[in-house]
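Below are the chains, spelled out letter by letter.
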Amino acid sequence: MTDKAMYFIQPIHGDMLHARDGALTGESLKTKVSVAAPAGNSITINGVQTNFEDSYYSAEIELSDYENTLEAVNATTGEHTRITVYRLKNFAGKYRLSIDDNIWFLRDIQQQADVYSSLFEHPYLAVLKEINDTYGTKIHLNLFYETEGFNLSQFTDKFKEEWKDNAGWLTLSFHARGEFPDQPYISADYDTVKKDCDLVIGEIRRFAGEEVMTGVTTIHWGEATREASRALRDAGYRGQLGYFNVDDDLYPASYYLSVEERRHIKKRFVWKDMSENVVFIKTSIVIDIKKIEEIEPWLNQYAEEGSSPPYVDLLVHEQYFYSSYFNYQPDYREKLITAVKWAHNNGYQPAFLDTCISE
């Protein structure tokens with residue numbers, strides 16, 4: 001909390017507002033802005049006189065730019081305060097499928113490189129292409145650099161043109177050096193993360209091309225120091241996805257953010273840490289920890305609680321696809337389709353996340 005006599009309640013510094021935060025008036029978003037201040041003052045926000053209601057001073061303000069300054073001025077005391085907020089034109093009503101821990105399919109394709117004429121002959125990628133063909137789903141894969149007996153430097157560039165041809169719906173990014181140890185970056189320094197990140201990015205660029213690169217990633221386990229998150233940003237990942245669990249027994253996956261910041265993102269689904277120039281986005285579901293019959297109720301409960309995600313990120317992990325995995329899920333394909341079909345049936349349109357948080 002702030003000790004200022006006047007401060008913004010809604011939105012707050014770094015908030016990213018979208019169509020569900022107000023009414024669209026031409027090219028502008030009209031949204032309610034509220035500040036806290038003692039009763040009996042005369043306060044304007046961006047020159048608009050506020051009304052005192054429910055202990056706050058509020059006014060309807062139009063946001064027409066991507067980056068917007070909100071300034072509250074107390075004519076009674078001379079105090080003023082300002083924040084920066086963002087208006088996202090293409091965020092609300094969009095969705096994607098994102099998959100963590102990817103490496104095994106690349107190892108398998110490499111082992112069949114002389115046989116495969118297409119990436120999509122691999123059964124895992126075949127399922128993803130089926131989903132895209134059916135629903136137009138944008139799909140993002142977060143990659144490990146290495147697994148037992150294989151690393152990305154060994155992966156062929158034979159399919160580079162095919163990667164480029166499919167970059168309109170299939171993108172790649174850094175996840176971690178490898179699956180183990182758990183929580184690899186929870187106490188990591190800048191140089192460690194930047195080195196691992198650059199290693200993966202360099203290989204993606206080599207075998208798949210610049211076209212598949214993106215400005216959003218999910219770090220392994222969703223935990224990172226501020227320095228680690230900064231390294232991701234400097235590598236090009238200004239959008240960083242996590243779970244942002246708080247006030248429950250679930251794993252937090254919240255990078256370096258405070259409890260108060262996590263609570264805010266859990267409610268808002270998106271927020272920019274202005275001190276680091278990093279946009280944090282909350283995923284809507286982790287598909288592999290749900291039974292298939294739990295997927296739709298889990299996604300429906302957001303609306304029932306009055307907090308439908310403006311952007312739906314459907315998250316899953318690669319390894320559950322394989323029958324050789326100790327925790328194999330034979331209904332993996334059906335679970336992905338169930339989640340994607342829910343988004344489709346509820347009016348969400350496919351869109352990559354980085355384009356939705358950009359100007």
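Look a little higher up for the structure.
Structural notes, computed from the coordinates. Counting starts from 1 at the beginning of each chain's written sequence and moves along it residue by residue. Local features are withheld for residues below a pLDDT of 70 in this predicted model, meaning they are given only at 70 or higher, and side-chain atom pairs are given and counted only at 80 or more; totals for whole chains, interfaces and linings count all residues. Here the side-chain values reflect all heavy atoms present in the structure, with hydrogen atoms and water set aside.

1. A word on the packing of helix α2 (residues 123–135) against helix α8 (residues 332–345)
Part 1 of the reasoning: As a packed pair, α2 and α8 sit with axes 11 Å apart at the nearest point and diverge in direction by 20 degrees. Here α2 is positioned roughly parallel relative to α8, judged by the angle of their axes. Between α2 and α8 lies a crossing whose hand is right-handed. Every residue of α8 that contacts α2 at Tyr 124, Val 127, Leu 128, Glu 130, Ile 131 and Tyr 135 is listed here: Tyr 332, Arg 333, Leu 336, Ile 337, Val 340, Lys 341 and His 344. Inter-axis angles, ranging from 0 to 180 degrees, are taken between N-to-C directions of lines fitted to C-alpha atoms, where helices are fitted over the stretch in contact. Secondary structure elements are defined from DSSP: runs of H or I of at least 4 residues count as helices, runs of E of at least 2 residues count as strands, and each element is numbered from the N terminus. Throughout, the term roughly parallel applies to angles under 35 degrees, roughly antiparallel to angles over 145, roughly perpendicular to angles from 65 to 115, and oblique to all others. Rotating anticlockwise by less than a right angle from the far helix to the near helix defines a left-handed crossing, while the corresponding clockwise rotation defines a right-handed one. Contacts between residues were defined by any pair of non-hydrogen atoms, one from each residue, lying within 4.5 Å.

2. Considerations on helix α5 (residues 226–234)
Part 1 of the reasoning: Residue exposure (1.4 Å probe, protein chains only): buried if accessible area is under 20% of the type maximum, exposed if over 50%, otherwise partly exposed. Inspection of α5 places Ala 228, Ser 229, Ala 231 and Leu 232 among the buried residues, and these make up the whole buried set. Along α5, the residues classed as buried sweep out an arc of 155 degrees about the axis, all on the same side.
Part 2 of the reasoning: Buried residues belonging to α5 abut β15 (170–176), α4 (190–208), β16 (216–217), β17 (239–242) and β19 (278–282).
Part 3 of the reasoning: One or two residues past the end of α5 sits Gly 236, with phi positive at roughly 115 degrees. In this context, the arc is that of the directions from the helix axis out to the C-beta atoms.

3. So, the pattern of salt bridges
Part 1 of the reasoning: Salt bridges are identified by distance alone: a Lys or Arg side-chain nitrogen within 4 Å of an Asp or Glu carboxyl oxygen. With the rule as written, the count across this model stands at 22 salt bridges.
Part 2 of the reasoning: We note a salt bridge from Glu 130 to Arg 333, for which the minimum N-O separation is 2.6 Å. On the criterion of sequence distance, the pair formed by Glu 130 in helix α2 and Arg 333 in helix α8 is long-range, its members being 203 residues apart.
Part 3 of the reasoning: Taking the relative accessible area as the measure of exposure, Arg 333 reaches 30% and is therefore partly exposed.
Part 4 of the reasoning: We note a salt bridge from Arg 230 to Glu 276, for which the minimum N-O separation is 2.6 Å. Of this pair, Arg 230 sits in helix α5 while Glu 276 sits in the loop between β18 (270–273) and β19, and the two are 46 residues apart along the sequence.
Part 5 of the reasoning: Assessed through its relative accessible area of 25%, Arg 230 is described here as partly exposed.
Part 6 of the reasoning: With relative accessibility at 6%, the residue Glu 276 sits in the buried group.

4. Examining the packing of aromatic side chains
Part 1 of the reasoning: Each pair of aromatic rings taken from Phe, Tyr and Trp, with Trp reduced to its six-membered ring, is defined by centres within 6.5 Å and is described as stacked if the planes are under 30 degrees apart, edge-to-face if over 60, and tilted in the remaining cases. Taken as a whole, this structure holds 24 aromatic pairs when the rule is applied.
Part 2 of the reasoning: Taken together, the aromatic side chains of Trp 104, Phe 105, Tyr 124, Tyr 320, Phe 321, Tyr 322, Tyr 325, Phe 326 and Tyr 332 make up a single cluster linked through ring pairs.
Part 3 of the reasoning: Working rule: Lys NZ or Arg CZ, within 6 Å of ring centre, within 35 degrees of ring normal, means a charge sits over the ring. Just above the ring of Phe 120 sits the side chain of Lys 129; from NZ or CZ to the centre is 5.9 Å.

5. Some points on α4
Part 1 of the reasoning: With 19 residues, α4 should reach 27 Å at 1.5 Å per residue; the first-to-last C-alpha distance of 26 Å fits that figure.
Part 2 of the reasoning: Looking one or two places after α4, you find Gly 209, whose phi comes out positive at around 95 degrees. Multiply 1.5 Å by the residue count of a helix minus one, and that product is the helix's expected span.

6. Focus: the packing of α4 against α5
Part 1 of the reasoning: As a packed pair, α4 and α5 sit with axes 8 Å apart at the nearest point and diverge in direction by 35 degrees. Judged by the twist between their axes, the crossing of α4 over α5 is right-handed. Contact residues: Tyr 190, Val 193, Lys 194 and Cys 197 in α4; Glu 227, Ala 228, Arg 230, Ala 231, Leu 232 and Asp 234 in α5.
Part 2 of the reasoning: Each residue receives one of three labels: charged for Asp, Glu, Lys and Arg, nonpolar for Ala, Val, Leu, Ile, Met, Phe, Trp, Tyr, Cys and Pro, and polar for the others, Gly being one of them. Counted by class, the contact of α4 with α5 contains six nonpolar, no polar and four charged residues.

7. Concerning the sheet that holds strand β10 (residues 80–87)
Part 1 of the reasoning: A pair of strands is treated as paired once DSSP finds two or more bridges between them. Strand order across the open sheet formed by five strands is β2-β10-β9-β5-β6, with mixed pairing between neighbours. Strands at the two margins of the open sheet, each flanked by one partner only, are β2 (16–17) and β6 (48–49).
Part 2 of the reasoning: Examined bridge by bridge, strand β5 (residues 43–45) and β6 share two bridges and lie antiparallel to one another. Residue pairing across strands places Thr 44 opposite Gln 49, the latter belonging to β6.

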